[in-house]
Amino acid sequence: MKKLIEKAETLVEALPYIRSFYGKTFVIKYGGAAQTEQSLKDAFAQDVVLLNYIGINTVVVHGGGPRISEVMKKMGKVPTFVQGQRVTDRETVDIVEMVLGGLVNKEIVSLINRHGGKAVGLTGKDGNLIGAVKKVIRKPSPETGADEIIDLGLVGEVKTVNPDVLVSLQQKGFVPVVAPVGVGPDGHAMNINADFVAASLAEALMAEKLILLTDVPGIMDRKGKVISTIRKRDVRRLINNGTISGGMIPKVQACVDAISSGVRKTHIVDGRVPHCLLLEIFTEEGVGTEIVVS
């Protein structure tokens, strides 16, 4: 009986959150270990299905960089990166579109459906969802010290979002699963960072939350302890003093962009923890770092 009461208390603890978030939209960036380990994949799908059944609209955006590199090598192409960005020529973007929009996307759709959800896979080409422009990065020249433009090929940034197809699917009870492939001005596919795609979709949908799954506990302080809440105004200071560094910087920047555009709250969550979405959303403690306006 004690265990039954504890289960009931857990549900009661979640009740205020369920009431508060009913009818709202959460955009979830799905990647890392949560996308590769079977037990974590199942837990993620169960979380998404549960959120939808209790009236929370979810949109899933996924990555798939390691799978792209794996397929490229099998096809005799050597993956090349500059400042963490994949150099993407015409042949590579075809591989990116095939792996993300075909293989990875449909695996996630099937996973959610297998656990009782109704998922539909999309890329940025569907319904003109994501319009992209060429991403420009600069790097100091070793000879002159002046900045020079690095050509990454068909690597893009989000320029426009047309959320109509997402809204239509949500109204019918479907979970949109979006591959981060946009369409450039000439109609060609462009490879886009999934964190920034998720942030852009959250902005366009006026989402309640943007949640990024990672392979770390969250943002850590100098003593290695997770910082549970960071205010937007403190982000620049934490980058400058090295608390936020490396691959965490673009994730944090995506969160800042989202909350600057009206998303209520953003979260960087440890995707290695089973049911991390439920723990972060429906418990006081959470399992990561939230970045908020104030």
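Just above sits the structure.
Residues numbered from 1 in each chain as written. Predicted model: local features only at pLDDT ≥ 70, side-chain atom pairs only at ≥ 80, totals over all residues. Heavy atoms only, no water.

Describe the packing of aromatic side chains, with residues and values.
One pass over the full model with this rule turns up two aromatic pairs. Residues tyrosine 30 and phenylalanine 44 carry aromatic rings whose centres are separated by 3.8 Å and whose planes lie at 5 degrees to one another, so their mutual orientation is stacked. Separated by 14 residues along the polypeptide, tyrosine 30 in strand E1 (residues 25–30) and phenylalanine 44 in helix H2 (residues 38–53) bring together distant segments of the chain. Relative accessible area serves as the criterion here: at 1%, tyrosine 30 is assigned to the buried category. The residue whose ring lies beneath lysine 118 is phenylalanine 174, and the NZ or CZ to ring-centre distance is 4.6 Å. (Phe/Tyr/Trp six-rings, centres within 6.5 Å; stacked < 30°, edge-to-face > 60°. Helix = DSSP H or I, 4+ residues; strand = E, 2+ residues; numbered from the N terminus. Buried < 20%, exposed > 50% of the residue type's maximum accessible area, 1.4 Å probe, protein only. Lys NZ or Arg CZ within 6 Å of the ring centre and 35° of its normal.)

With reference to specific residues and values, describe unusual backbone geometry.
Despite not being glycine, asparagine 128 has its phi angle at roughly 50 degrees, a positive value. Structurally, asparagine 128 is set in the loop between strand E5 (119–123) and strand E6 (130–134). By relative accessible area, which is 57% here, asparagine 128 ends up exposed. A positive phi angle is found at methionine 206, which is not glycine, with a value near 50 degrees. Among the secondary structure elements, methionine 206 is positioned in the loop between helix H6 (194–204) and strand E13 (209–214). Relative accessible area serves as the criterion here: at 72%, methionine 206 is assigned to the exposed category.

For the packing of helix H3 (residues 65–74) against helix H4 (residues 90–114), give the residues involved together with the corresponding values.
Contact pair H3 / H4: the axes reach a minimum separation of 9 Å and the direction vectors enclose 125 degrees. In this view, H3 runs oblique relative to H4, as classed from their interaxial angle. Here H3 and H4 pass one another in a crossing that is right-handed. Across the interface between the two elements, Arg67, Ile68, Val71 and Met72 of H3 pack against Thr92, Ile95, Val96, Met98, Val99, Leu100, Leu103, Val104 and Glu107 of H4. Taken together, the residues of the contact of H3 with H4 break down into ten nonpolar, one polar and two charged. (Axes fitted to C-alpha atoms, helices over the stretch in contact; angles between N-to-C directions. Parallel < 35°, antiparallel > 145°, perpendicular 65-115°, else oblique. Left-handed = near helix turned anticlockwise from the far one by under 90°. Contact = heavy atoms within 4.5 Å. Nonpolar A, V, L, I, M, F, W, Y, C, P; charged D, E, K, R; others polar.)

Would you mind going over H4 in detail, with residue names and values included?
The end-to-end C-alpha separation of H4 is 35 Å, in line with the 36 Å expected for 25 residues at 1.5 Å each. Within H4, the axis deviates most sharply at asparagine 105, by approximately 35 degrees. Among the residues of H4, the N-terminal cap falls to aspartate 89, whose side-chain oxygen and the backbone nitrogen of glutamate 91 are separated by 3.3 Å. One or two positions beyond H4, positive phi appears at glycine 116, with a value near 100 degrees. (Expected span 1.5 Å × (residues − 1). Bend = angle between axes of the 7 residues up to and from the residue. Polar contact = N/O pair within 3.5 Å; in protein donor to acceptor, adjacent residues only side chain to side chain.)

Mind laying out the environment of glycine 31, listing which residues take part and the relevant values?
Summarising the element assignment, glycine 31 is placed in the loop between E1 and H2. Residues glycine 31 and glycine 65 lie 34 residues apart in sequence; the distance between their C-alpha atoms is 9.3 Å.

Can you tell me about the pairing of E13, naming the residues and giving the values?
With six of six residues buried, E13 lies mostly within the body of the structure. Both faces of E13 are covered, namely the face carrying Lys209, Ile211 and Leu213 and the face carrying Leu210, Leu212 and Thr214. Pairing geometry for E1 and E13, over four bridges, is parallel. Residue pairing across strands places valine 27 opposite leucine 210, the latter belonging to E13. One ladder, built from six bridges, connects E13 with strand E15 (residues 265–270); its direction is parallel. Paired with leucine 213 across the strands is valine 269, a residue of E15. (Pairing = 2+ DSSP bridges.)

A description of the sheet that holds strand E2 (residues 57–62) should follow, citing residues and the corresponding values.
The mixed open sheet is built from eight strands, whose spatial order is E5-E10-E2-E1-E13-E15-E16-E14. Two strands in the sheet have a free side with no partner beyond their single neighbour: E5 and strand E14 (229–231). The average angle at which neighbouring strand axes cross in this sheet is 20 degrees, direction not considered. Relative to E2, E1 runs parallel, the two being bridged by six bridges. Opposite isoleucine 28, over in E2, you have valine 60 as the bridge partner.

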